[in-house]
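Each chain is listed here by its residues.
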Amino acid sequence: MAMKVYGLPMSTNVARVLVCLEEVGAQYEVVPINFSIGEHKNMEHTARNPFGQVPSFQDGDLILFESRAISKYILRKNQSELVKEGDLPDSAMVDMWLDVESHQFDRPMAVIIHQCLIIPMYLGGENDGNVVEENVEKLKKTFEVYEARLSKFKYLAGDFISLADLSHFPTAYYLLATPHASLLDNYPHVKVWIADILARPTVKKVVEMMKATA
Amino acid sequence: MAPVKVFGPAMSTNVARVLVCLEEVGAEYEVVNIDFQAQEHKSPEHLVRNPFGQIPAFQDGDLLLFESRAISKYVLRKYKTDKVDLLREGNLKEAAMVDVWTEVDAHTYNPALSPIVYECLINPMMRGIPTNQKVVDESLEKLKKVLEVYEAHLSKHKYLAGDFISFADLNHFPYTFYFMGTPHAALFDSYPHVKAWWERIMARPSVQKLGASMVPPKA
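Quick caveat: nothing in here was measured; it's all calculated off a predicted structure.

## Considering the overall build of chain A
- Scanning chain A from N- to C-terminus turns up 9 helices and 4 strands.
- For chain A, whose C-alpha radius of gyration is 17 Å, the value lies close to the compact-globule estimate of 17 Å for 214 residues.
- In terms of its C-alpha atoms, chain A occupies a principal-axis envelope of roughly 50 × 45 × 25 Å.
- Within chain A, the proportion of its 214 residues that are buried is 55%.
- For chain A, the share of sequence-separated contacts (at least 6 apart) that also reach a separation of at least 24 residues comes to 66%.
- On chain A, roughly 9,300 Å² of surface is accessible, and the fraction owed to carbon and sulfur atoms is 53%.
- Where the 21 positive side-chain charges of chain A centre and where its 28 negative ones centre are 1 Å apart.

## A look at the UniProt feature "domain: GST N-terminal" (unreviewed entry) in chain B
- As recorded in UniProt, the sites labelled "domain: GST N-terminal" (unreviewed entry) are residues 2-83 of chain B.
- In residues 2-83 of chain B, helix accounts for 37% and strand for 20%; the two terminal C-alpha atoms are 23 Å from one another.

## Things to note about the UniProt feature "domain: GST C-terminal" (unreviewed entry) in chain A
- UniProt feature "domain: GST C-terminal" (unreviewed entry): in the numbering of this structure it lies at residues 87-214 of chain A.
- Each end of residues 87-214 of chain A is marked by a C-alpha atom, and these two atoms are 39 Å apart; helix forms 73% of the span and strand 0%.

## Some details on the environment of N127(A)
Residue and element names in this part refer to chain A.
- Mapped onto the elements, N127 comes out in the loop between α4 (88-122) and α5 (129-152).
- A relative accessible area of 36% places N127 in the partly exposed class.
- Dropping the residues within four chain positions of it, N127 is found in contact with Q115, C116, I119 and V132.

## Quick word on a nonpolar patch on the surface
Residue and element names in this part refer to chain A.
- Side chains of I118, M121, Y122 and L123 sit close together on the surface and give an oily, nonpolar patch of about 420 Å² of accessible area.
- Mapped onto the elements of the fold, Y122 is located in helix α4.
- The exposure class of Y122 is partly exposed, given its relative accessible area of 45%.

The rules we used
- Residues numbered from 1 in each chain as written.
- Chains lettered and ligands numbered in written order.
- Predicted model: local features only at pLDDT ≥ 70, side-chain atom pairs only at ≥ 80, totals over all residues.
- Heavy atoms only, no water.
- Helix = DSSP H or I, 4+ residues; strand = E, 2+ residues; numbered from the N terminus.
- Rg over C-alpha atoms; globule rule 2.2 N^0.38 Å.
- Buried < 20%, exposed > 50% of the residue type's maximum accessible area, 1.4 Å probe, protein only.
- Contact = heavy atoms within 4.5 Å.
- Areas by Shrake-Rupley, 256 points an atom, 1.4 Å probe, with all protein chains shown as cover.
- Lys, Arg positive; Asp, Glu negative; His and termini not counted.
- Charge placed at Lys NZ, Arg CZ, Asp CG, Glu CD.
- UniProt positions renumbered as here; feature names shortened; annotations may be inferred.
- Patch = residues over 30% accessible without salt bridge, like charges linked within 9 Å, V, L, I, M, F, W, Y side chains within 5 Å.
- Salt bridge = Lys/Arg side-chain N within 4 Å of Asp/Glu carboxyl O.

In structure tokens:
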């Protein structure tokens, strides 16, 4: 039976899971969840994700939520090299940079995406310049650290691509659609690294799915 | 084998997260204080360990790590025994449930609960900043909704990932411990299964030991 992912690919958290499924070549089905009619809060969906969020995921009778937990499950199940399970230092590096993605990249980026893309495109409003600037400053500090790291290693966890790198792609893709894409010109290694990730066939495939549901 | 080193004050929540795991596995470790007042967290020496200038950082021989959850998992994997297996990585489904509820703590539970700890304890006691009651009230409303979900879940399972204690449960300890030192501790009385789960966590020797060095200032 194919695995199921509930949510729309345009959601960064759904896209994260989809790229893992693509990487392991799994059979899967995307089941759309319609936020505009409150489908994410109905009983059927909250049985899968009690916080009424996306994605949720089903593999047989196993139901999961939280995209990074789902991603790890998919990669572990298929013995993917993207998590380096069984290698103590390498798996620690993957975990560490995945947490950095979650705390130092995703947080300011979520605000920037909301302010620069969602508000104008979907909510018909104007963004709050102060909030944007505050989060751009945070993002710059993050990119400084990434620049130093990626000057020494090809990828974040070392010289191997991992879930830590791929976890960035949906949000990085949206960054490139904001006026702040030009920030990357100040961080050449980060810019090259993002381009490398976005050129990956699995990532390109999921990006097409993101565009189709935006 | 040299003891591993954890950099940062033992009473800091994210340091305590790592320490409780070290205690659970019975590893030898050393806590090296980092003096925030003296800006030690921004010193070149510390930035080598944690480029974001935060705590904790961790050292095991040549290996340097930061991010408390990543450090904790490294510790739990390295010192895992048949008796102490808090990640359950030998079982796909169990490991996934540990991951799910670890993420829930990071993304949902903690963001609702920690502002109350900051506003009621840390800001007034350590930073001389008065409590922002609006933030507290908004956070309490969010926390209630989260605790409703936890109550339903813990009515069906003894612990978060199943009927076994795991890293997912221990993740909740540091900030919740401090929350119990705020005027809002009684909130948990409205969620009996959550309260019972919390008491089971507090009863653990590792938690008791660390709690003693984390005595929250009375709000």
